[in-house]
Amino acid sequence: MCLLCDDEKAYQAYMNYLDAMERQGKAADPQTAMDAVLDQLEAAEQARAKEIARQDGPASDKTLSPFFCSPINK
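First, a word on what this report is: a plain description of the structure on this page. Residue positions are counted from 1 within each chain, in the order its sequence is given. This being a predicted model, a pLDDT of at least 70 is required before a residue's local features are given, and a value of 80 or more before pairs of side-chain atoms are given or counted; all residues contribute to the totals for chains, interfaces and linings. As a convention, hydrogens and water are excluded, and side-chain values are obtained from all of the structure's heavy atoms.

1. What to know about the nonpolar core
Thinking step 1. Listed in full, the seven residues of the largest apolar core are Ala13, Tyr14, Tyr17, Met21, Ala33, Met34 and Val37.
Thinking step 2. The way it works is that DSSP assigns letters per residue, a run of H or I at least four long becomes a helix, a run of E at least two long becomes a strand, and they are numbered from the N terminus. For this core, the secondary-structure elements that each account for two or more residues are helix H2 (8–23) and helix H3 (30–55).
Thinking step 3. For this core, the element with the highest residue contribution is H2, accounting for four residues. To define a nonpolar core, start from buried Ala, Val, Leu, Ile, Met, Phe, Trp, Tyr and Cys residues and group those joined through side-chain atoms within 4.5 Å. Accessibility here uses a 1.4 Å probe with only protein chains present; expressed as a share of the type maximum, an area under 20% marks a residue as buried, one over 50% as exposed, and anything in between as partly exposed.

Here it is as structure tokens:
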């Protein structure tokens, strides 16, 4: 649990997971809960990284123009 205490998002996700399991009437195994929370956080981080890569791609670059020489690398 000490690993989660240092990370507010991870701790909040862990507590939300435990609450959801309790509402369903299931007993949550702490190790299973940790694995599920870390998987969710990793998936969210990968989705965020993909969104940033998409936004920084040449297709969304409004400074590129077919009429001017624009630098390839920003």
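Still to come is the rest of the account.
2. Remarks on the packing of H2 against H3
Between two packed helices, both the angle of their axes relative to each other and the distance between the axes serve to describe the pair.
Thinking step 1. Axis geometry follows a simple rule: fit a line to the C-alpha atoms, using only the stretch in contact for helices, then measure angles between N-to-C directions, giving values from 0 to 180 degrees. The N-to-C vectors of H2 and H3 enclose an angle of 125 degrees; their axes lie 9 Å apart at closest approach. The orientation of H2 relative to H3 falls into the category oblique. For the element pair H2 and H3, the recorded crossing hand is right-handed. For the pair H2 and H3, contact is made by Lys9, Ala10, Ala13, Tyr14, Tyr17 and Leu18 and by Pro30, Thr32, Ala33, Met34, Ala36, Val37 and Leu41, respectively.
Thinking step 2. Class assignment of the residues belonging to the contact of H2 with H3 gives a composition of eleven nonpolar, one polar and one charged. What sets the label is the angle itself: under 35 degrees gives roughly parallel, over 145 gives roughly antiparallel, 65 to 115 gives roughly perpendicular, and the rest give oblique. By convention the crossing between two helices is left-handed if the near helix lies anticlockwise of the far one by an angle smaller than a right angle, and right-handed if it lies clockwise. In what follows, a contact means two residues having at least one pair of non-hydrogen atoms within 4.5 Å. Each residue is assigned to one of three groups, with Ala, Val, Leu, Ile, Met, Phe, Trp, Tyr, Cys and Pro labelled nonpolar, Asp, Glu, Lys and Arg labelled charged, and all others, Gly among them, labelled polar.

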